[in-house]
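Listed below, chain by chain, are the residues.
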Amino acid sequence: MQSTAVIIAAGLGTRMKSALPKAAHKIAGREMLAHIIRAAEQVFERIVVVIGPDMPALEKIATPHEVVVQHERLGTAHASRQAEQSFGEGPVAVFYADNPLVSVETMRALLARLNQGDAGLVLLGMTPPDPGKYGRLVLEDGYVARIVEYADANEDERAIRLCNAGGMIARGTDMRDWLAAVGNANAKGEYYLTDIVAIARGQGVNVAALDAPYEECMGVNSRAELAQAEAVFQARARTAAMAAGVGMQAPETVFLASDTVLGEDVLIGPHVMFGPGVVVESGVEIKAFSHLEGCVVRAGAIIGPYARLRPGADVGEGAHVGNFVELKAATLGKGAKANHLTYIGDAEIGAGSNIGAGTITCNYDGKHKHRTVIGEKAFIGSNTALVAPVRVGNGALVGAGSVITDDVPDGAVAIARGRQVNKPR
């Protein structure tokens, strides 16, 4: 039977003090909603995202999965009911977009615990270092007897360390029936998902708890908590990268995106930042204070220090991108070098070419972008301006300080600067 994950993302996130919906805020370059969708895709066959009205940003993030709208914010059980037409008879899990770091392994464990068959409802629990004001999971004979909110708990109940993390899983038919039985006789007049625990227990159904890592279950409701979640993600990502053969001189200063791909024997210096869409092949060295986004770095290349690779940059095998060099929508061929103070945008640099310090590809005329093409084994002298569209041929040499506006043939020497005149004082 088909398994379904319902992800509730209808919250406004007023504590974020932002025009963005809470679930659209990013961790490691990826929206919180996208994080939990990506994990759920690897475990569940169907995903349904519940959003609030007028949240096109979340609808776009959820694509191509089904999206339903909770037009009135009447609580978590009410939000879950918006997706019940998609439940089917198989397992149905409910997660929250503001718990974005729940892992694939934990989702699989939650599903496996339900499939053991002794419990009809399984709650996602956690044991935080400081249970604080989380709701406590009260166990009897190994099963959850009830959830007690901190404000309602007595001294013994507050001493319990196993807390409610919010997520849960049950069979679709049971989940549908229990949601229908949830009432709103409370101070806010809302329908709370946690009420199904008492409903299931009242029917003689065992309720189990899965104690998941706290770092995965921590909620994100403010900018401060978003920063804490970012720190958790980064620590996990760095550890995984180093376990896979990546060297980091100062790991705590390296920031990875959620989709960063690093090959074996990549060496990363201090204070390196990876934006989304970066692939780094084996044997690359990335020196301190470099920033990479939307780029590919081929095997054995050297990047930095203080280099910036922008989207569309493709650095060839064994190529060098040095200090204060910026590449954008540009290919640097195998073994090519741009070692100092250079901007290469909308360009193709051939294998073995050398780009001198201070070189600029002038790619923008105020309305349109134009490309510069430099052949193999060309030499571009320092402080050259290449006014695109322009081509420099294989083996050509451009004299330092030139402004190149016309194509340079293969093997030619181009000098485009005013002639020096020395006059007596």
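This text follows the structure it describes.
Calculation criteria
Residues numbered from 1 in each chain as written. Predicted model: local features only at pLDDT ≥ 70, side-chain atom pairs only at ≥ 80, totals over all residues. Heavy atoms only, no water. Helix = DSSP H or I, 4+ residues; strand = E, 2+ residues; numbered from the N terminus. Rg over C-alpha atoms; globule rule 2.2 N^0.38 Å. Buried < 20%, exposed > 50% of the residue type's maximum accessible area, 1.4 Å probe, protein only. Pairing = 2+ DSSP bridges. Phe/Tyr/Trp six-rings, centres within 6.5 Å; stacked < 30°, edge-to-face > 60°. Lys NZ or Arg CZ within 6 Å of the ring centre and 35° of its normal. Salt bridge = Lys/Arg side-chain N within 4 Å of Asp/Glu carboxyl O. Contact = heavy atoms within 4.5 Å. Polar contact = N/O pair within 3.5 Å; in protein donor to acceptor, adjacent residues only side chain to side chain.

Is there a simple way to think about the overall build of the protein in this case?
Secondary structure assignment for the protein yields 9 helices and 33 strands. Relative to the globule expectation of 22 Å for 425 residues, the C-alpha radius of gyration of the protein, 29 Å, shows a markedly less compact shape. Oriented by its inertia axes, the alpha-carbon framework of the protein measures out at about 100 × 45 × 40 Å. Taken across its 425 residues, the protein has 49% of its residues classed as buried.

I'm lost on the pairing of strand 8 (residues 136-140) in this one. Help?
Side-chain positions along a regular strand alternate between the two faces of the sheet. One ladder, built from 5 bridges, connects strand 8 with strand 9 (residues 143-148); its direction is antiparallel. Among the inter-strand pairings, Arg136 is bridged to a residue of strand 9, identified as Val148. In this antiparallel pair of consecutive strands, strand 8 and strand 9, the connection spans 2 residues, and Asp141 shows a positive phi of 55°.

Would you mind showing me how to read the packing of aromatic side chains here?
Evaluated as defined, the whole model comprises 3 aromatic pairs. Ring geometry for Phe289 and Tyr306: centres 5.0 Å apart, planes at 5°, overall stacked. Residue Phe289 is found in the loop between strand 17 (285-286) and strand 18 (291-292), and its partner Tyr306 is found in the loop between strand 20 (302-303) and strand 21 (308-309); the two are separated by 17 residues along the sequence. For Tyr306, a relative accessible area of 40% gives the class partly exposed. One residue, Arg158, lies across the ring of Tyr150, its end atom 4.0 Å from the ring centre.

Just checking my understanding: could you explain the pattern of salt bridges for this structure?
Oppositely charged side chains can form a pair if their charged atoms are brought close together. Applying the stated criterion across every chain yields a total of 12 salt bridges. One salt bridge connects Glu225 with Arg15, and the closest N-O pair in it is separated by 4.0 Å. Remark: Arg15 occurs in the loop between strand 1 (4-9) and strand 2 (26-27) and Glu225 occurs in helix 9 (residues 223-243); sequence separation between them is 210 residues. Salt bridges sharing partners connect three or more residues here, namely Glu140, Arg146, Glu157 and Arg201.

Just checking my understanding: could you explain the environment of Glu230 for this structure?
Here Glu230 shows up in helix 9. Sequence spacing of Glu230 and Arg298 is 68 residues, and the spatial spacing of their C-alpha atoms is 28 Å. For Glu230, the contacting residues outside a window of four places in its chain are Lys26, Ile27 and Ala28. At a separation of 2.8 Å, a polar atom in the side chain of Glu230 contacts the main-chain amide nitrogen of Ala28.

Which parts of the structure should I look at to understand the environment of Ala396?
With respect to the element layout, Ala396 can be found in the loop between strand 30 (390-392) and strand 31 (397-398). Between the C-alpha atom of Ala396 and that of Leu256, which follows or precedes it by 140 residues, the distance is 39 Å. Dropping the residues within four chain positions of it, Ala396 is found in contact with Lys377, Ala378, Phe379, Val408, Pro409, Gly411 and Ala412.

How should helix 1 (residues 32-41) be read in this particular structure?
In an α-helix, one turn spans 3.6 residues, which is why side chains three or four residues apart end up on the same side. The buried fraction of helix 1 is high, at 8 of 10 residues. Restricting attention to buried positions, one finds in helix 1 the residues Met32, Leu33, Ala34, His35, Ile36, Ile37, Ala39 and Ala40.

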